[in-house]
Structure formats: structure tokens, C-alpha cells
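Single-letter residue listing:
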Amino acid sequence: MFTIGCHLSASKGYLAMAKQALELGGNTFQFFTRNPRGGTAKPVDEADVAAFHAFAAQNGIRTILAHAPYTLNACAADERVMEFCLMTMKDDLERMEYTPGQLYNFHPGSHVKQGVEVGIEKIAATLNQILWPEMTTTVLLETMAGKGSEVGATFEELRAIIDRVELPDKLGVCLDTCHVHDGGYDIVNNLDGVLEQFDHSIGLHRLRAIHINDSKNPLAAHKDRHEKIGQGYIGTDAFARIINHPALRDLPFYLETPNELDGYAAEIALLRSLRKE
Ligand code: FE
Ligand code: FE
Ligand code: ZN
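Sequence positions are assigned chain by chain, starting from 1 and proceeding in written order. Chains and ligands are labelled sequentially in the order written, the chains with letters from A and the ligands with numbers from 1. Restriction of local features to residues with pLDDT of at least 70 applies here, the model being predicted, together with a cutoff of 80 or more for giving and counting side-chain atom pairs; totals for whole chains, interfaces and linings are based on all residues. Where side-chain values are given, they derive from all heavy atoms of the structure, hydrogens and water being excluded.

Quick notes on the coordination of the iron ion (ligand 1)
Angles between donor atoms at a metal ideally measure 109.5 degrees for a four-coordinate tetrahedral arrangement and either 90 or 180 degrees for a six-coordinate octahedral one. Taken together, His67 (NE2), His107 (NE2) and Glu142 (OE) make up the protein donors of the iron ion (ligand 1), found 2.1 to 2.3 Å from the metal. Written as a sequence motif, the donor arrangement for the iron ion (ligand 1) is H-x39-H-x34-E. Only nitrogen, oxygen and sulfur atoms count as donors, using a 2.8 Å cut-off from the metal that widens to 3.2 Å for Na, K and Ca. Water is left out, so coordination shells may look unfilled. In this structure, the iron ion (ligand 1) lies 3.4 Å from the iron ion (ligand 2), and both are coordinated by glutamate 142. In this pair, histidine 67 sits in strand β3 (residues 65-67) while glutamate 142 sits in strand β6 (residues 138-142), placing the two residues 75 residues apart along the sequence. Glutamate 142 carries the same exposure label as histidine 67, and that label is buried. To qualify as a helix, a DSSP run of H or I must reach at least 4 residues; to qualify as a strand, a run of E must reach at least 2; elements of each kind are numbered from the N terminus. Buried, partly exposed and exposed residues are distinguished by accessible area as a fraction of the type maximum, computed with a 1.4 Å probe on protein chains only: under 20%, between the cut-offs, and over 50%, respectively.

As for the sheet that holds strand β1 (residues 3-7)
Two strands are counted as paired when DSSP detects at least two bridges linking them. Spatial ordering of the closed barrel is given by β1-β2-β3-β4-β6-β8-β9-β12, a layout of 8 strands whose pairing is parallel. Averaged over neighbouring strand pairs, the angle between their axes works out to 30° when direction is ignored. By the bridge criterion, 3 bridges tie β3 to strand β4 (residues 103-106) in an arrangement that is parallel. Residue pairing across strands places histidine 67 opposite asparagine 105, the latter belonging to β4. Here helix α9 (residues 261-274) sits on the sheet in contact with β1, β9 (207-212) and β12 (252-255), set at roughly 160° to β1. In this analysis an axis means a line fitted to C-alpha atoms, helices contributing only their contacting stretch, and an angle means the value between N-to-C directions, from 0 to 180 degrees. Only heavy atoms matter for contacts: two residues are in contact if any of them lie within 4.5 Å across the pair.

Here you go:
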């Protein structure tokens, strides 16, 4: 089954997002757990969650992806920034248990001037404080573009974080096509080679979701500027190979392209037309 959706606003709740996903031609969605700048989250509405579960079961929505606020930094030098990150992620993960067995994606962090090794150690330490054995959510490290001092722009850095986590079974990776292309991985001309590298460094069993975005910049630009599908440096043909690749085709795909809802609907239709059954 082709699992495809886009980023949606969470302001009207889970049921509203599920309905909107279907209206756009999708069968999954991504949402921010709270204001992306990291404010307090609304209390979970249990009636909404129950209605969502019934609707999702009836309509074939199996996987959803929550995205942590992108301003969190799990390897900040400042103690208070770290404390805020820990509190927010722990709270998000507790709330995720209302929708058991789903995915929670976060940006590993920016080491600023501490160096990448310190960044890796701190991100792992953060994860070691917020994961617990009974949790049902899989926490995904997102592949980053390598803008500024971002940690996680190479597969080796992601592997180094995972290796330092005491509950690695709770972890996976979300591959962002724009970010890896920005990071220098040539998914346009050598998709098989990039996936072999991923498998060698991290293990393809850890790959749990794809952010499907074109890029406004050429290979290895380290810029992180998403483009509409087919209008950037990755291009439609490469996306056709990505969504049909045997190692990727059963994963959920999430659009984070610069679009309004009608633009997302058009991109979902385009990707469906490129999908081989
Ligand atoms: Fe992200
Ligand atoms: Fe992304
Ligand atoms: Zn991005």
C-alpha cells in the first residue's frame, strides 16, 4: 500500500487532520505536537482521540507522524535550553501514548561551538532521560541538511547517537529527501548507492519514514530550503524512483513542500500517478 500525506495544522485536533488527509487524497499526515516555536501544548482531548481512532480504522489510516518543535535543541550549551528541551520532549512522548504505536520525529540538534562529538553525547544523554521501556512510540532522528552546526547531516552521526542510547529499540530514522541531498547524498543519480550507505552505517531496518521534498539548492548546498515536487534540483524522475524503490515503497511518505492545501492535493495526485503497483 502507498502511504502518502502531508504536513497539516493540528489546531482542530486529530479527527479534523484525519478527515483533511483523506480530502487531499492521502492516507496519513504529519503535525506539530505544539506551536513549532515550542509553547505549551493544549491538553489532549480524549473524545477527539477516540473519534480519530474509529475514523482511522474505518478509512485505512495506519501511521501518523508527530513532529517536535523545531526550535528545541537537545545538545544546547545552555542548561536552561536543555532543560526546556527535555521537559517538552518528555511531555510530547507522554501525550503520544494516547495514540499508541505511532512515530515522533525530532531534529537532533545544533552543537553551536561545542563540536560535533559533544553534540552527539548530549543528544544521546537527552534521549536516555526521556525514553522509557514501556513506551510504544518510535522516536525518529531526522536526517539534517548540515546548515550551521546541525548534528545529523551524515548517516555516521546518526548511528553514533543511536549507539549511545540505552533503549535503541525505541529509535528510528526519518529520511528527508531535501536534507540528505543538501547533505551531499546523491539520491538523484545514485539512489541505490545512498541506500547502501544508509544500510551500512545505520541499517535500513531503522528507516521508518520519508519526508518527501524537492530542494531549491544543488547537491551538498547545506541550505535546507524545500521546493515543490518537480520544481527543484531533485526532480520528478528521482521522486518516481524514490517512491517505487523496493527498500522505500512500504514506508510512509510526508510532503513538507511550500504549499497551501490545494498544492498538497496536486502533489499527492502527482505522486500517486508515478506509483507503480
Ligand atoms: Fe523536520
Ligand atoms: Fe523534514
Ligand atoms: Zn527542512
